[in-house]
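# Residue-level structure breakdown
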Amino acid sequence: MSAKTRRPGTGGSQTPNECVQVVVRCRPMSNRERSEGSPEVVNVYPNRGVVELQNVVDANKEQRKVFTYDAAYDATASQTTLYHEVVFPLVSSVLEGFNGCIFAYGQTGTGKTFTMEGVRGNDELMGIIPRTFEQIWLHINRTENFQFLVDVSYLEIYMEELRDLLKPNSKHLEVRERGSGVYVPNLHAINCKSVDDMIKVMQVGNKNRTVGFTNMNEHSSRSHAIFMIKIEMCDTETNTIKVGKLNLIDLAGSERQSKTGASAERLKEASKINLALSSLGNVISALAESSPHVPYRDSKLTRLLQDSLGGNSKTIMIANIGPSNYNYNETLTTLRYASRAKSIQNQPIKNED
Ligand code: ADP
């Protein structure tokens, strides 16, 4: 490819400001919640994007809290519906040269990994990440007069350290600024030529995520996983290039990490995980209030999400919640968090030359 790529902020066509799109998804009751008889306290009205949370315990408190989002999905919503209604348009924009970001937020056990990755080997239950691979390659295989280069990176943030999941021995990865964007120098990128290539990269990264950790579930609920796709699209007739980038993020569980009875190592871990998620909350609040200072620099996660929140990106937040009273307080926190994120404005710019 000989044509030069224009960096965001130095050119390209800017679209009007656009709010972060916030979608709530409520998972089904688990067998445990059913057997313990914990009442269902969440009502979702998908047609209106409304989520209602009932307080069934404290008679002195307001009985119902009502929230409205860009979309809301209940336990009956399929992976296919969520993808087509919410994600498909965003990936289409990435294929036109925009930056996109989708992040799943919520307490551990509410369905973040189910939503992002889904169930392996089951077409119906496949999650957002493998479906984006299919959409991207369907587009590439159908588009004439274009050359495509698809590069994939995969990293996680654990205890305020970046880990390259495709080259686990890489040391000292940092987030740096370039132009108006951020990037991670030396992050390994693998060129992919098919859906299968991308699935393999995802599997290698997921496997590397477990290395050195005895309890994978515990580890994944405490680390943020970020799957990055970069697509360079060269129009061979006009010799112009567009670049689309997509970040797919499964965040650590939003519950406060318990400090009771924790070892020194666990306390350190808890404070770092709390730091990243509270920094994310502070960034969301600052942007929602149009504060002159947005504390992106307070954590690695918020630095990495700098473009996605308040910057050059089309962004979707999927807030995952559970339906039972057992998690009432965490659910309320997530719904409030998601409400605040609705007013964040981004300035997406098409990366083209
Ligand atoms: P998290 O990543 O937030 O910790 P998981 O994705 O592991 O949560 O989900 C917890 C459990 O709930 C899993 O067994 C998952 O299959 C199930 N689950 C989550 N969301 C749904 C859903 N929408 N429909 C069916 N099962 C779900």
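Below you will find a few notes about this structure. (Residues numbered from 1 in each chain as written. Predicted model: local features only at pLDDT ≥ 70, side-chain atom pairs only at ≥ 80, totals over all residues. Heavy atoms only, no water.)

## Concerning the site of the ligand
- Every residue close to the ligand is listed here: Arg25, Arg27, Pro28, Gln107, Thr108, Gly109, Thr110, Gly111, Lys112, Thr113 and Phe114.
- Contacts to the ligand include Gly111, whose backbone N or O atom sits 3.0 Å from an oxygen atom.
- A distance of 2.8 Å separates an oxygen atom of the ligand from a polar atom in the side chain of Lys112.
- Relative to its free-state accessible area of 560 Å², the ligand is covered by the protein chains to the extent of 65%.
- The element contributing the most residues to the shell around the ligand is helix α3 (residues 112-116), with 3 residues. (Near = heavy atom within 4 Å. Polar contact = N/O pair within 3.5 Å; in protein donor to acceptor, adjacent residues only side chain to side chain. Areas by Shrake-Rupley, 256 points an atom, 1.4 Å probe, with all protein chains shown as cover. Helix = DSSP H or I, 4+ residues; strand = E, 2+ residues; numbered from the N terminus.)

## Some words on the packing of helix α7 (residues 264-288) against helix α9 (residues 328-341)
- As a packed pair, α7 and α9 sit with axes 8 Å apart at the nearest point and diverge in direction by 40°. One element, α7, and the other, α9, form an angle in the oblique class. In the packing of α7 onto α9, the handedness of the crossing is left-handed. Of the residues in α9, those in contact with Leu277, Leu280, Gly281, Ile284, Ser285 and Ala288 of α7 are Tyr337, Arg340 and Ala341.
- Looking at the contact of α7 with α9, its residues break down into 6 nonpolar, 2 polar and 1 charged. (Axes fitted to C-alpha atoms, helices over the stretch in contact; angles between N-to-C directions. Parallel < 35°, antiparallel > 145°, perpendicular 65-115°, else oblique. Left-handed = near helix turned anticlockwise from the far one by under 90°. Contact = heavy atoms within 4.5 Å. Nonpolar A, V, L, I, M, F, W, Y, C, P; charged D, E, K, R; others polar.)

## Quick notes on helix α5 (residues 195-210)
- When the terminal C-alpha atoms of α5 are compared, their 23 Å separation across 16 residues agrees well with the 22 Å that a helix rising 1.5 Å per residue should span.
- Along α5, the residues classified as buried are Met198, Val201, Met202, Gly205, Asn206, Asn208 and Arg209. In an axial view of α5, the angular spread of the buried residues amounts to 160°, which keeps them on one side of the axis. The exposed residues of α5 that point more than 90 degrees off its buried face are Asp196, Lys200 and Lys207.
- Positive phi appears at Gly212, one or two residues downstream of α5, with a value of about 85°. (Expected span 1.5 Å × (residues − 1). Buried < 20%, exposed > 50% of the residue type's maximum accessible area, 1.4 Å probe, protein only. Arc of directions from axis to C-beta.)

## Re the pattern of salt bridges
- Taken as a whole, this structure holds 9 salt bridges when the rule is applied.
- Among the ionic pairs, Glu18 bridges to Lys314, the shortest N-O distance being 3.1 Å. Residue Glu18 is located in strand β2 (residues 18-19), and its partner Lys314 is located in strand β16 (residues 314-321); the two are separated by 296 residues in the primary sequence.
- A relative accessible area of 28% places Glu18 in the partly exposed class.
- Because the salt bridges share partners, they merge into one network encompassing Glu156, Arg163 and Arg209. (Salt bridge = Lys/Arg side-chain N within 4 Å of Asp/Glu carboxyl O.)

## Section: α7
- Its 25 residues place the ends of α7 36 Å apart at the C-alpha level, agreeing with the 36 Å of an ideal helix rising 1.5 Å per residue.
- Ser290 occupies a position one or two residues after α7 and carries a positive phi of about 50°.

## Examining the side chain of Lys65
- Relative to the helices and strands, Lys65 resides in strand β6 (residues 64-68).
- Looking at Lys65, the relative accessible area reads 16%, which means it is buried.
- Contacts of Lys65, omitting those with residues within four sequence positions, involve Val51, Glu52, Leu53, Tyr328, Leu332 and Arg336.

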